[in-house]
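Structural overview for review
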Amino acid sequence: MAQVLMKDLNKKYDEVHAVKDVNLHIRDKEFVVLVGPSGCGKSTTLRMVAGLEEITAGEISIGDRVVNDLPPKDRDIAMVFQNYALYPHMTVYDNMAFGLKMRKFPKLEIQKRVQDAAEILGIQELLKRKPRQLSGGQRQRVAVGRAIVRHPQVFLFDEPLSNLDAKLRVQMRVELKRLHDRLETTAIYVTHDQVEAMTLGDRVVVMKDGWVQQVGEPLELYGHPANRFVAGFIGSPAMNFIEVGIKDGGALWADTAGFRVKIPSDRTDRLKSYVGQPVTIGIRPEDLHPATGGDAPDSTFDAVVEVVEPLGSEILLDVKVGANSMVARVDPTVRVKVHEPIRLALNAERLHFFDKKSEVAI
Amino acid sequence: MRCVARVAAPGITESGRGVGPAAAERVVFERAPMRWGRWRDAPSTPFSRRRREIQFAYVLLAPTLLLLVVVLGYPVGWEVWTSLTDLSPLKDGSADFVGLTNYRRLLADAEFWRAAFVTVVYAVVTSVAKLALGLGFALLLARPFRGRTLVFLAIFLPWAYPAGVSVIGWYWSMNPPIPTAYAPFMGHLKYGVDGVFGGGAWAFLSVILFNIWRGSSFIAVLLLAGLNAIPPELFACALLESNRPWRRFWLVTVPLLKPFLALGVFLSLTSAFADLANVWMLTAGRIVFPVIGTHAYWLAIKGGQFGPASALSLTLVPFLLGVLLVLFRLFDPPEREAA
């Protein structure tokens, strides 16, 4: 059990600056997910913690030790890879025992630990098989088992579920969460899948182009994204963005062709300085619904339905608003037809505003 | 939707036939995704269908079999037959069948045993050296460094060059055609080696060195391809568990490379066992240490004794088959399927 501290962490390759000034404090027993599009530096960061990549500048400590100059083996971490990285020439048992054997653990202790881990993961029956005789899900379990038996201070997961099919991924996600609740080992988990990040992480770190964009609990990221990138990355379907001008007419109005909405009074303080300037407005698909008599007229607008995606529990409507496209997530009872006009209302309290240039939340 | 229909259909057919609970159980078993395609025929005529498939497989294989018979079966058969006769261009009339006489004479011939011994030494020494050097080069080239392309070229060039050119190059470096600073040194080396091990030892040693020089570059490229085919995570994973490179090398790199190492050993041993070209080209026939290949060539082409020469070259076959079988086991170890 240990905390992990990253201080001004940087990684530079010849021409690429992959990780830029990352500062993270991962607490003891915490499950932290690094998420971002490919090339954002999340895997590189993880590999620096593991010791598989050299640190260009900055400092990493695990527990109370600075590990910059420690070889990977002495960092007391265990890593699970995307492609499982099981040795094809060893049985499942030997694969799981490999790390312990290398560390010269007594045979009985190895046996006990492997049995325990196999029991936790439900793979006792597979111990004598070779990896190629296993399914993808079983292989992933063995890979996790190999990490568990080491009783490390920190688990490192590098996209461990990306090679599994969708259904299995959801199932393993739940199992990993349960496992973490049980073992309470600090874990750093890298993924490009925001759903995985949101469901697994105690806290989520969103990265892009080597920079940390925002660190926070899942719902905090969802409700209060720090910038337009985080807003668009977290949540599916993604947040709608349209560019509007801020107009002062007694109250403040967000205004563009075919879309004119009153800005709630509690937001006017911050937006006052933007009057006459363009800003980006963000609307979550679930904050849109067909307008009824109960909706204030100054938060409704006209749209034309372009695509209807009936998902069963909900319907996604791709609509055109003036020159802008939006997605609305509406009740499955709503009946609309393609190319028909529809009047939509939005939940003005939950609008997001972003500076057009800096893309920072206002 | 389609998938569901496919799975459901067999169940309906079965119950329609009224085959009973046993069939129902089988339906569940047969629902395993891999079997969908085969479902329809499986319960009715599994054996006749399998037989038809086997017959068809032979039809498809026929052209290959024919080719093998023509280019492999016929010559080998002819050689086996020749080894049992006294066929010779020096003899008038047709060849007579002499049974195993040629083989019996060989076994009694000290020259044969000497050639066999030299061949084994040649094959084993060159193979071990080629494997060690090749593996070293491959490991060196597997990680990126400045100037890797140049080193790769330097290592691969001896193999990429035509054999004749390589031989001349090697011959000239052993025995410079123009006066050079190191020519006297090479001369001393030759007389030194010949003085200790007898005349012709230096020539034989130079053939061994040539084979290693040229062959290790080929083994290096083969093993490099093997190393590149191994997912890097497997090495990263070992790095997380051990600080000692030598240990990681034996416990991870070598087992993972095993199929490629086996292929390398196989190619190296077989080419050395059957080698004639390298020895002949480098020594131009002035051979003091004959190998089986050169010995057979002498007998057949220079001596006109086709029968004994055939018998001689066929003595290599059991060796080669043995090597092949052992290595085939390494390529493709028999599966121990867990139930």
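The structure under discussion appears in the preceding block.
The sections below set out a description of the structure shown in this document. (Residues numbered from 1 in each chain as written. Chains lettered and ligands numbered in written order. Predicted model: local features only at pLDDT ≥ 70, side-chain atom pairs only at ≥ 80, totals over all residues. Heavy atoms only, no water.)

Let us now look at the overall build of chain A. When you go through chain A residue by residue, the secondary structure sums to nine helices and 20 strands. The principal-axis extent of the C-alpha atoms belonging to chain A is close to 80 × 45 × 35 Å. At a minimum sequence separation of 6, the contacts of chain A that also span at least 24 residues come to 66%. Working note: accessible area of chain A is about 16600 Å², and carbon and sulfur atoms make up 48% of it. The average position of the 49 basic charges and that of the 49 acidic charges among the side chains of chain A differ by 6 Å. (Helix = DSSP H or I, 4+ residues; strand = E, 2+ residues; numbered from the N terminus. Contact = heavy atoms within 4.5 Å. Areas by Shrake-Rupley, 256 points an atom, 1.4 Å probe, with all protein chains shown as cover. Lys, Arg positive; Asp, Glu negative; His and termini not counted. Charge placed at Lys NZ, Arg CZ, Asp CG, Glu CD.)

With that settled, consider the overall build of chain B. In terms of regular secondary structure, chain B is built from 15 helices and zero strands. Counting across all 339 residues of chain B, residues that qualify as buried make up 34%. Long-range pairs, those at least 24 residues apart, make up 66% of the contacts in chain B between residues at least 6 apart in sequence. Within the structure as shown, chain B displays about 21000 Å² of accessible surface, and the carbon and sulfur contribution to it stands at 71%. (Buried < 20%, exposed > 50% of the residue type's maximum accessible area, 1.4 Å probe, protein only.)

What follows covers the side chain of Arg113 of chain A. All names here are of chain A. Tracing the sequence through the fold places Arg113 in helix H3 (residues 107-121). One polar contact links Arg113 to Glu109, side chain to side chain, over a distance of 2.8 Å. Excluding residues that lie within four positions of it along the chain, Arg113 makes contacts with Leu100, Phe105, Val149, Arg150 and His151. (Polar contact = N/O pair within 3.5 Å; in protein donor to acceptor, adjacent residues only side chain to side chain.)

Moving on, we come to the interface of chain B and chain A. Quoted interface sizes are often the accessible area lost when the parts come together. Facing 22 residues of chain B, the contacting portion of chain A comprises 28 residues. For the pair chain B and chain A, the two sides together bury roughly 2100 Å², of which 60% comes from carbon and sulfur. In this structure, the salt-bridge partner of Arg103 of chain A is Glu241 of chain B, at a minimum N-O distance of 2.5 Å. On the surface where chain B and chain A come into contact, there are nine residue pairs in polar contact (both at pLDDT 80 or more). For the side of chain B that touches chain A, the leading source of residues is helix H10 (residues 232-241) of chain B, giving eight residues. Its residues assigned to classes, the side of chain B that touches chain A comprises 13 nonpolar, two polar and seven charged. (Buried area = accessible area lost by both parts, 1.4 Å probe. Salt bridge = Lys/Arg side-chain N within 4 Å of Asp/Glu carboxyl O. Nonpolar A, V, L, I, M, F, W, Y, C, P; charged D, E, K, R; others polar.)

This part is about the packing of aromatic side chains. Aromatic ring pairs are described here by two measures, namely the spacing of the ring centres and the angle between the planes. What the rule picks out here adds up to 23 aromatic pairs over all chains. Between Phe31 of chain A and Phe157 of chain A the ring centres are 6.2 Å apart and the planes differ by 10 degrees, which places this aromatic pair in the stacked class. A residue pair is termed long-range when its members are at least 10 positions apart, and Phe31 of chain A in strand S3 (residues 31-35) and Phe157 of chain A in strand S7 (residues 154-158) qualify at 126 residues. Among the residues examined, Phe157 of chain A registers a relative accessible area of 5% and is labelled buried. Judged by centre distance (5.5 Å) and plane angle (20 degrees), the rings of Trp246 of chain B and Phe249 of chain B are stacked. You can see Trp246 of chain B and its partner Phe249 of chain B sitting in helix H11 (residues 245-273), three residues apart, about one turn around the helix. Clustering of aromatic rings is evident, with ring pairs tying together Phe31, Phe155, Phe157 and Tyr189 of chain A. Positioned above the aromatic ring of Phe241 of chain A, the side-chain terminus of Arg228 of chain A is 4.4 Å from the ring centre. (Phe/Tyr/Trp six-rings, centres within 6.5 Å; stacked < 30°, edge-to-face > 60°. Lys NZ or Arg CZ within 6 Å of the ring centre and 35° of its normal.)

This part covers the sheet that holds strand S15 (residues 288-290) of chain A. Residues and elements named next belong to chain A. Spatial strand order, S15-S19-S16-S17-S18: five strands in an open sheet with antiparallel pairing. Each end of this open sheet is capped by a strand with a single partner; those strands are S15 and strand S18 (324-330). Each strand axis lies, on average, 50 degrees off the axis of its neighbour in the sheet, ignoring direction. Bridge count between strand S16 (residues 300-310) and strand S19 (residues 341-346): five bridges; the pairing is antiparallel. In the sheet register, Val304 faces S19, and the bridge partner there is Pro341. (Pairing = 2+ DSSP bridges. Axes fitted to C-alpha atoms, helices over the stretch in contact; angles between N-to-C directions.)

For the rest of this paragraph, the subject is the pairing of strand S13 (residues 259-262) of chain A. Residues and elements named next belong to chain A. Of the two faces of S13, only one is covered, namely that formed by Phe259 and Val261; the face formed by Arg260 and Lys262 stays uncovered. Pairing of strand S12 (residues 251-256) with S13 involves four bridges; the strand directions are antiparallel. Its bridge partner lying in S13, Thr256 is registered against Phe259.

Before going further, it helps to spend a moment on the sheet that holds strand S11 (residues 240-249) of chain A. Residues and elements named next belong to chain A. A sheet is described by the order of its strands in space; here five strands give the open sequence S13-S12-S11-S14-S20, paired in antiparallel fashion. Either end of the sheet is taken by a strand with one partner, and the two such strands are S13 and strand S20 (352-355). Adjacent strand axes in the sheet meet at a mean angle of 40 degrees, parallel and antiparallel pairs treated alike. The pairing of S11 with S12 spans five bridges and is classified as antiparallel. Each bridged residue has a counterpart across the sheet, and for Lys247 the counterpart in S12 is Trp253.

Here we come to the nonpolar core. Ranked by size, the top nonpolar core spans 56 residues in total, and within it Met6, Ile60, Tyr87, Leu156 and Ile188 of chain A carry the most contacts. A total of six residues in this core trace back to one element, the largest contributor, which is H11 of chain B. The residues contacting Met6 of chain A, other than those within four sequence positions of it, are Val22, Asn23, Leu24, Ile26, Thr45, Val49, Glu59, Ile60 and Ile188 of chain A. Grouped together as the second largest cluster of nonpolar side chains are 46 residues, Leu100, Ile123, Ala197 and Leu200 of chain A included. (Core = buried A, V, L, I, M, F, W, Y, C linked by side-chain atoms within 4.5 Å.)

We now examine H3 of chain A. Residues and elements named next belong to chain A. Its 15 residues give H3 an end-to-end C-alpha distance of 21 Å, which sits within 8% of 21 Å, the value for a rise of 1.5 Å per residue. Those residues of H3 that sit buried are Ile110, Arg113, Val114, Ala117, Ala118 and Leu121. Angularly, the buried residues of H3 cover 130 degrees about the axis, an arc narrow enough to put them on a single face. Every exposed residue of H3 that faces more than 90 degrees away from the buried side is listed here: Leu108, Lys112 and Glu119. Where H3 is buried, its residues meet helix H2 (92-102) and helix H4 (136-148). The positive-phi residue at the C-terminal boundary of H3 is Gly122, with phi of around 70 degrees. (Expected span 1.5 Å × (residues − 1). Arc of directions from axis to C-beta.)

All names here are of chain B. At their nearest, the axes of helix H5 (residues 110-142) and helix H9 (residues 201-229) sit 6 Å apart, and the two run at 40 degrees to each other. On the basis of the axis angle, H5 is oblique to H9. Judged by the twist between their axes, the crossing of H5 over H9 is right-handed. In terms of residue class, the contact of H5 with H9 is built from 21 nonpolar, five polar and one charged. (Parallel < 35°, antiparallel > 145°, perpendicular 65-115°, else oblique. Left-handed = near helix turned anticlockwise from the far one by under 90°.)

Our next topic: a negative patch on the surface. Together, Asp28, Asp181, Glu184, Asp202, Glu217 and Glu220 of chain A line one region of the surface with negative charge. Here Asp181 of chain A shows up in helix H5 (residues 166-183). (Patch = residues over 30% accessible without salt bridge, like charges linked within 9 Å, V, L, I, M, F, W, Y side chains within 5 Å.)

Let us now look at the environment of Val80 of chain A. Residues and elements named next belong to chain A. Its location among the elements puts Val80 in strand S6 (residues 77-80). On the accessibility criterion, Val80 (1% relative accessible area) is buried. Sequence-wise, Val80 and Leu156 are 76 residues apart; in three dimensions their C-alpha atoms are separated by 6.2 Å. Other than its neighbours up to four places away in sequence, Val80 contacts Gln140, Ala143, Val144, Ala147, Leu156, Phe157, Asp158 and Pro160.

All names here are of chain A. Most of helix H1 (residues 42-50) sits out of view: seven of its nine residues are buried. Among the residues making up H1, those that are buried are Lys42, Thr44, Thr45, Leu46, Met48, Val49 and Ala50. Backbone geometry just after H1 places Gly51 at a positive phi near 95 degrees.

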